[in-house]
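If you want the building blocks of each chain, they are given just below.
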Amino acid sequence: MAKSPETLDEAGVNTRLAHIGNRPGDYHGFVNPPVVHASTVLFPDAGTMERRAQKYTYGTRGTPTTDALCEAIDALEGSAGTILVPTGLAAVTVPFLGFLSAGDHALIVDSVYAPTRHFCDTMLSRLGVDVEYYDPGIGAGIAARMRPNTRLVHTEAPGSNTFEMQDIGAISTVAHAHGAVVAMDNTWATPLYFRPLDHGVDLSIHAATKYPSGHSDILMGTVSANAACLGRLKEAAITLGICGAPDDSYQILRGLRTMGLRLERHQAAALELATWLSQRDEVARVLHPALPDFPGHDLWKRDFKGASGIFSFVLKVDTQAAFKRKAHAFLDALRIFGLGYSWGGYESLAVHVNLSDRTIAKAPSEGPVLRLQIGLEDVPDLKRDLEAGFAAAAGV
Ligand SMILES: *Cc1c(COP(=O)(O)O)cnc(C)c1O
C-alpha cells in the first residue's frame, strides 16, 4: 500500500505530490493522516520518560500530522528536515534569531519582503545585529560586502513586488567561502519551480500561506534546512516555543496534493495576462521574470522550472502627482480582482504597491506599480476586468 521512496524519487511532480508524506498503512489504510491534537504524550515507564526514548515526546516537538507535512516538504525541497511555524513571516524571523547573535553582520537583499525588512530594522537591530541591504543584481559581487563577522546572507528571488532575480548559486558560493549561512525566501516559486538547496542555499523559507494553502484561509510558514544547519534551526524553534498547529498542518498537506495542477493554471494565466499587458499603451513596463525582455530573465530561465501567478505592472502616468489618483481609479473599477494582501489563493487580487522602504532597488519612475495575483478564474473575464480598470484610470 505504501509507496517506496525510491519509486517516488523517479516519479513526475504530480505523482509525487499525490503520495509524499502519505503512509496509509500506518493509519488502518485511511488515505490521509489523522489530525493529532496534542500537548501531553504518555511514556510507558520512568526510564523511557527520563531518556525520552520514544518517537513522540511532547506536542511542540512534532506529531504524526506535522511529521507527514514535514516529510512531504523535505521530499520536495531535498532537505534534511523542516520546521513548521505559525506564519510565513515567522519562517524568516525564527531562523534569523537562531543563526544571528549580537555583533554579527547580516546581508539582506534590498527587494526583500517588506515585513522582513521591518523585523531587521527594529528587533534584529535592537538585539545588536548589524543589518546591511544589498542590490538584488549583485551576484558574485557580494564578495565586496562580506565582513569577518558576516554570518547570514538572506536572498529572495524574485524580489517582492518588483520581481528582481538573483544569482543564488554565485551568492551562495561566496557566502560559504566566508563562513556565512545562506537563507532564501522561496515563496514565489515554491519547491516545484525552484529548489534552493540544490543551488547552495542552507535554509529554504516558505510562506505556506500562499500556494501550499491555496485557498486564502491558512497562515503557516516552513523552513527547510540541509544537514549542516538543521540542528541549530530546530533548536531555535524549540527554544522560542514555536510549532505548527495540527489543523493548519493538515490543511497545508491537503493543499499540496493539488498544488502542481493549480500552479500550472496560475502560471499559464499569469503569463498570458502579463504578455497582453506588455502590449498595451497604458502600461510602461511589466515586471515578470518569465517575460523575455525582463532584466534577470536569463537567470530565471537558467535556474527556474516555472513561474507562479503573481507579477506587477507599471501603469504609465505622466506626473508623480497623479500616481495615486490613477492607481486608485484603476483598482476601484475592478469587479473580479479583489483588493487584498497576500496571494496564492484561487481568487485574483490587486494592490497598489508601496516601495518607499527601498534604498537600492528603487520604485520605477514611470508610474504606480500595481501587483496582480492571478487566480483560477477564466482569463477572458480577468482581461475584461483589467480593461475596465484602464478605462477608469484614463478618465481621472
Ligand atoms: C506573504 C509572504 C511572507 C509572509 O507570509 P505570512 O504567512 O503572511 O506571514 C513571507 N515572504 C514572502 C515573500 C511573502 O510573500
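As the structure is a computational prediction, the values presented were derived from the model and not from experiment.

The helix and strand inventory of the protein stands at 13 helices and 12 strands. In terms of overall dimensions, the protein is globule-like: its C-alpha atoms have a radius of gyration of 22 Å, near the 21 Å expected for 396 residues. Each principal axis of the C-alpha atoms in the protein carries an extent, and together these give about 75 × 50 × 35 Å. Counting all 396 residues of the protein, 55% fall into the buried class.

Moving on, we come to the nonpolar core. Counting 116 residues, the largest nonpolar core has L277 and F313 as its most contacted members. Per-element accounting of this core gives the leading share, 11 residues, to helix α10 (residues 246-278). When residues of this core are assigned to domains, at least three fall in each of domain 1 (5-255) and domain 2 (260-394). Non-local contacts of L277, meaning those with residues more than four positions away in its chain, are made with V283, V286, F311, F313, L372, L386 and F390.

Attention now moves to the site of the ligand. As a structural note, the neighbourhood of the ligand is formed by 13 residues, with G88, L89, D185, T209 and K210 the closest of them. In this structure, a nitrogen atom belonging to the ligand sits 2.6 Å away from a side-chain N or O atom of D185. In the environment of the ligand, an oxygen atom lies 2.6 Å from a nitrogen or oxygen atom belonging to the side chain of K210. Against a free-state accessible area of 380 Å², the protein chains account for coverage of 90% of the ligand.

Quick look at the pairing of strand β2 (residues 105-109) now. Counting buried residues in β2 gives five out of five residues, a clear majority hidden from the surface. Because side chains alternate across β2, one face comprises the buried residues H105, L107 and V109, and the other comprises A106 and I108, equally buried. Note: β2 against strand β3 (residues 130-134), five bridges, orientation parallel. For I108, the partnering residue across the bridge sits in β3 and is Y133. Chirality of the crossover, the property in question, places the unit of β2, helix α6 (residues 114-126) and β3 among those that are right-handed. Bridge count between β2 and strand β4 (residues 150-156): four bridges; the pairing is parallel. By the bridge assignment for β4, I108 is matched with H154.

Domain annotation for the protein reports domain 1 (5-255) and domain 2 (260-394). A C-alpha centroid distance of 28 Å is found between domain 1 and domain 2. Across the contact, 37 residues belong to domain 1 and 40 residues belong to domain 2. Together, the buried faces of domain 1 and domain 2 total about 3300 Å²; carbon and sulfur atoms form 59% of this surface. At the surface where domain 1 touches domain 2, the tally comes to three salt bridges. Between R358 and E164 there is a salt bridge, and its shortest N-O distance comes to 3.9 Å. Across the contact surface, domain 1 and domain 2 share 19 residue pairs in polar contact (both at pLDDT 80 or more). Mapped by element, the contributors of at least two residues to the side of domain 1 that touches domain 2 are α2 (13-19), α6, β3 and α8 (190-193). Per-element accounting of the side of domain 1 that touches domain 2 gives the leading share, three residues, to α8.

Our focus in this paragraph is the environment of L349. In this structure, L349 sits in strand β11 (residues 349-352). With residues up to four places along the chain from it excluded, the contact list for L349 reads F337, G338, G340, Y341, S342, W343, R371, L372 and Q373.

Taken as a whole and assessed by the stated rule, the structure comprises 17 salt bridges. Of the charged contacts, one joins R285 and E366 as a salt bridge, the two residues approaching to 2.8 Å between their closest N and O atoms. Taken together, the residues span a long stretch of sequence, with R285 in strand β8 (residues 283-287) and E366 in the loop between β11 and β12 (369-373) at a distance of 81 residues. A salt bridge links R384 to D381, with the nearest nitrogen and oxygen atoms 2.4 Å apart. One end of the pair, R384, and the other, D381, are both in helix α13 (residues 379-394), three residues apart, so they sit about a helical turn from each other. According to the relative accessible area criterion, R384 is exposed, its value standing at 51%. One salt-bridge network, held together by shared partners, links D130, E132, R145 and R147.

So, about the pairing of strand β7 (residues 221-225). Most of β7 is tucked away: five of the five residues are buried. In β7, alternate side chains face the same way, and those of G221, V223 and A225 on one face and T222 and S224 on the other are all buried. Two strands pair when backbone bridges link them, and strand β1 (residues 81-85) and β7 are joined in this way by five bridges, in the antiparallel orientation. Across the sheet, residue V85 finds its bridge partner in β7, namely G221. Relative to β7, strand β6 (residues 203-207) runs antiparallel, the two sharing five bridges.

Here α6 spans 18 Å end to end across 13 residues, near enough to the 18 Å set by a 1.5 Å rise per residue. At C120, α6 is deflected by roughly 35°, the largest bend along its length. Burial in α6 covers these residues: T116, R117, F119, C120 and L124. Close packing links the buried residues of α6 with α5 (90-99), β2, β3 and β4.

Attention now goes to the packing of α5 against helix α9 (residues 227-240). Interaxial distance between α5 and α9 falls to 9 Å at its minimum, and their mutual angle equals 110°. Between α5 and α9, the angle falls in the class roughly perpendicular. On α9, the residues that touch V94, P95, L97, G98 and F99 of α5 are C229, R232, L233, A236, A237 and L240. Looking at the contact of α5 with α9, its residues break down into nine nonpolar, one polar and one charged.

The rules behind each value
Residues numbered from 1 in each chain as written. Predicted model: local features only at pLDDT ≥ 70, side-chain atom pairs only at ≥ 80, totals over all residues. Heavy atoms only, no water. Helix = DSSP H or I, 4+ residues; strand = E, 2+ residues; numbered from the N terminus. Rg over C-alpha atoms; globule rule 2.2 N^0.38 Å. Buried < 20%, exposed > 50% of the residue type's maximum accessible area, 1.4 Å probe, protein only. Core = buried A, V, L, I, M, F, W, Y, C linked by side-chain atoms within 4.5 Å. Domains from an automatic or database assignment. Contact = heavy atoms within 4.5 Å. Near = heavy atom within 4 Å. Polar contact = N/O pair within 3.5 Å; in protein donor to acceptor, adjacent residues only side chain to side chain. Areas by Shrake-Rupley, 256 points an atom, 1.4 Å probe, with all protein chains shown as cover. Pairing = 2+ DSSP bridges. Right-handed = clockwise from strand over helix to strand, strands pointing away. Buried area = accessible area lost by both parts, 1.4 Å probe. Salt bridge = Lys/Arg side-chain N within 4 Å of Asp/Glu carboxyl O. Expected span 1.5 Å × (residues − 1). Bend = angle between axes of the 7 residues up to and from the residue. Axes fitted to C-alpha atoms, helices over the stretch in contact; angles between N-to-C directions. Parallel < 35°, antiparallel > 145°, perpendicular 65-115°, else oblique. Nonpolar A, V, L, I, M, F, W, Y, C, P; charged D, E, K, R; others polar.

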